[in-house]
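These are the residues of each chain, in order.
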Amino acid sequence: MNDESRSSQPARRGGISRRASRRRAVELLYEAALRDTDAVTLLSDRVGSVDADPVSDYTVALVEGVSENRERIDEVLAEHAQGWSLQRMPPVDLAVLRVGLYELLWAEDVPDPVAIDEAVGIAKELSTDDSPRFVNGVLGRIGTIADRLRAVL
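Bear in mind that the values here come from a model prediction, so they are computed numbers and not experimental data. (Residues numbered from 1 in each chain as written. Predicted model: local features only at pLDDT ≥ 70, side-chain atom pairs only at ≥ 80, totals over all residues. Heavy atoms only, no water.)

(A) The overall build of the protein, seen in detail. The secondary structure content of the protein amounts to nine helices and two strands. Ordering the α and β elements of the protein from the N terminus gives α-β-β-α-α-α-α-α-α-α-α. Taken over the C-alpha trace, the protein has a radius of gyration of 15 Å; the compact-globule value for 153 residues is 15 Å, and the two agree within 12%. Judged by the C-alpha coordinates and their principal axes, the protein covers about 40 × 35 × 35 Å. Across the 153 residues that make up the protein, the buried fraction comes to 46%. (Helix = DSSP H or I, 4+ residues; strand = E, 2+ residues; numbered from the N terminus. Rg over C-alpha atoms; globule rule 2.2 N^0.38 Å. Buried < 20%, exposed > 50% of the residue type's maximum accessible area, 1.4 Å probe, protein only.)

Rendered as structure tokens:
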């Protein structure tokens, strides 16, 4: 973990930063997609397991939030991912976008620029060289109308 992540994000249970919690949520959503299983079920198998890395409260909130709002999240992503269907997106990028969009529209304690920047940072860590620009473009477009979208959620 770098110093910027540690200092810019409040720590959660067990000293796990929000950046690490976001990354873990993306990993769980990605794994659930690959296994074609429910992310919340996969999450519940991991929480408290001695065989798995610790799962922070914020990771739980993100995975549950994305799962609860997935239909609406996917509608918004499909509408704003110019030239890309959800099926065509790399699964890691889709997981990053889902977490980023959830934070952008539903996490009241996360400022819009932070939600976008964190998603771009995770895309840099976990995906291709082109992914950060793609994630930034999609979430940036949505960010310009986020207030209007929040009003109709």
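(B) Region of interest: the nonpolar core. Counting 46 residues, the largest nonpolar core has Leu77, Val96, Leu97, Leu101, Leu104, Val135 and Ile142 as its most contacted members. For this core, the elements supplying multiple residues, two or more each, are α2 (18–35), α3 (39–46), α4 (57–68), α5 (70–80), α6 (91–106), α7 (112–126), α8 (131–143) and α9 (146–151). Looking at this core, the element that brings in the most residues is α6, giving ten residues. Aside from chain neighbours lying at most four places away, what touches leucine 104 is Asp112, Ala115, Ile116, Leu139, Ile142, Gly143, Ala146 and Arg150. (Core = buried A, V, L, I, M, F, W, Y, C linked by side-chain atoms within 4.5 Å. Contact = heavy atoms within 4.5 Å.)

(C) Representation of the packing of α7 against α8 within the structure. At a closest axis distance of 8 Å, the pairing of α7 and α8 adopts a crossing angle of 160°. The angle between the axes of α7 and α8 places the two elements in the roughly antiparallel class. As α7 packs across α8, the resulting crossing turns out to be right-handed. From α7, Ile116, Ala119, Val120, Ala123 and Lys124 reach across to α8, where they touch Ser131, Pro132, Val135, Asn136, Leu139, Gly140 and Gly143. In the contact of α7 with α8, the residues fall into seven nonpolar, four polar and one charged. (Axes fitted to C-alpha atoms, helices over the stretch in contact; angles between N-to-C directions. Parallel < 35°, antiparallel > 145°, perpendicular 65-115°, else oblique. Left-handed = near helix turned anticlockwise from the far one by under 90°. Nonpolar A, V, L, I, M, F, W, Y, C, P; charged D, E, K, R; others polar.)

(D) The arrangement of the side chain of glutamate 118 in detail. With respect to the helices, strands and loops of the structure, glutamate 118 is situated in helix α7. Relative accessible area serves as the criterion here: at 8%, glutamate 118 is assigned to the buried category. A polar side-chain atom of glutamate 118 sits 3.3 Å from a polar atom in the side chain of arginine 22. (Polar contact = N/O pair within 3.5 Å; in protein donor to acceptor, adjacent residues only side chain to side chain.)

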